[in-house]
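Summary of structural features
So the chains spell out like this:
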Amino acid sequence: MPRVCALLAPGLEEVECLSVVDILRRGGVETELVSVSGERVVTGSHRIAIVTDRLLEEVDPAGYDLIFLPGGVPGVPNLEANPAVKTMLLEQARAGRRIGAICAAPSILGHYGLLSGKRFTCYPGWQEGINDAEWTGEGVVSSGRISTSRGLGFALDFGLELLRLLMGEESFQKVRKGIQHPGTI
C-alpha cells in the first residue's frame, strides 16, 4: 500500500489539506498528517485546529511514496522556513519518489529547484521568480514525479489525481464515483 506524508505547518489552508487527505484515505492510501511545528495540534489559517498523527521528528522520510504540501499563508512560508522540510523534499526528489503541492506550496518546490524543466501550476502570483519551469495556470498538473494544483477549488481533483498516480485507474474511478464528482452522475 502506498504511503503519503502530508506536512502541516501553522497557517496552512485547512480544506486544501484535508480534502486531499480524505480522497487518498478513501482510496486506500495510508496517509499521515505530520506536524512540522513540534506540536501535535496545528492551527490553520482559518483558526481550525487539526490533530496530526505524528511530528516530523518521529518519521522516516524515506518511508513515503509521496510527500504532500498543502498551501495557505502563513503555512507555506512556515514550511519553507523549516530546514528539515527542505532536506526531506530534496531527498524525496533524489530518490525518484513523488511530491505533491497545492496553491502557494509549489513555490517552495520552485525555490528548491525541483520544478526545473517541468510544467506546473499554483495559485496565481506564486509562480513569480520561478523562471526555469513552465507555469500553465491549469487546475492540476503532473510533470514527471511532481504534481501541483492551483488552489482550493481544485483540491478534490488534485486528490483524485494523486490517487490515480498512486493506486491506478480503478481506485480513482471508484472514489470519483463515490463522492459524486461532476461527470459521474
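Here, the structure is the one placed above.
Positions within a chain are numbered from 1, following the residues in the order the chain's sequence is written. Only residues with pLDDT of at least 70 get local features here, since the model is predicted, and only at 80 or more are side-chain atom pairs given and counted; chain-wide, interface and lining totals rely on the full set of residues. Where side-chain values are given, they derive from all heavy atoms of the structure, hydrogens and water being excluded.

Details of a nonpolar patch on the surface
Nonpolar side chains collect at one region of the surface, where Val73, Tyr123 and Trp126 lie side by side and expose about 290 Å² of accessible area between them. Along the chain, Val73 falls in the loop between strand 6 (66–69) and helix 2 (75–80). Every patch collects residues that have over 30% relative accessible area and no salt bridge, joining them within 9 Å if they carry like charges and within 5 Å if they are nonpolar side chains (Val, Leu, Ile, Met, Phe, Trp, Tyr). We get accessible surface area from the Shrake-Rupley algorithm with a probe of 1.4 Å; when it comes to residues, only the shown protein chains can shield them. When a carboxyl oxygen of Asp or Glu lies within 4 Å of a side-chain nitrogen of Lys or Arg, that pair is called a salt bridge. Secondary structure elements are taken from DSSP: a helix is a run of H or I of four residues or more, a strand is a run of E of two residues or more, and numbering for both begins at the N terminus.

Concerning the nonpolar core
As used in this record, nonpolar core signifies buried Ala, Val, Leu, Ile, Met, Phe, Trp, Tyr and Cys residues forming a set joined through side-chain atoms within 4.5 Å. Buried means the residue's accessible area, taken with a 1.4 Å probe over protein chains only, is under 20% of the maximum for its type, while exposed means over 50%, and partly exposed covers the values in between. Counting residues in hydrophobic clusters, the biggest one holds 29 residues, and the most contacted among them are Leu7, Leu56, Leu69, Leu79, Met88, Leu89 and Leu109. When residues of this core are assigned to their parent elements, the largest contribution, 3 residues, is made by helix 3 (residues 83–94). Look past the residues within four positions of Leu69 in its chain and what remains in contact with it is Leu7, Leu79, Leu89, Gly100, Ala101, Ile102, Ala105, Ile108 and Leu109. Should any heavy atoms of two residues lie within 4.5 Å, those residues are counted as being in contact.

Focus: the packing of helix 1 (residues 14–26) against helix 5 (residues 155–167)
Between helix 1 and helix 5, the least distance of the axes is 8 Å, while the angle of their chain directions is 35°. In the packing of helix 1 onto helix 5, the handedness of the crossing is right-handed. Of helix 5, the residues touching helix 1 (which contributes Glu16, Ser19, Val20, Ile23 and Leu24) are Ala155, Leu156, Phe158, Gly159, Leu160, Leu162, Leu163 and Leu166. Gly falls in the polar group here, along with every residue not listed as nonpolar (Ala, Val, Leu, Ile, Met, Phe, Trp, Tyr, Cys, Pro) or charged (Asp, Glu, Lys, Arg). Per-class residue counts for the contact of helix 1 with helix 5 are 10 nonpolar, 2 polar and 1 charged. For helices, the axis comes from a line fit to the C-alpha atoms of the stretch in contact; other axes are also lines fit to C-alpha atoms, and the angle between any two N-to-C directions lies between 0 and 180 degrees. Left-handed describes a crossing in which the near helix is turned anticlockwise from the far one by less than a right angle; the clockwise case is right-handed.

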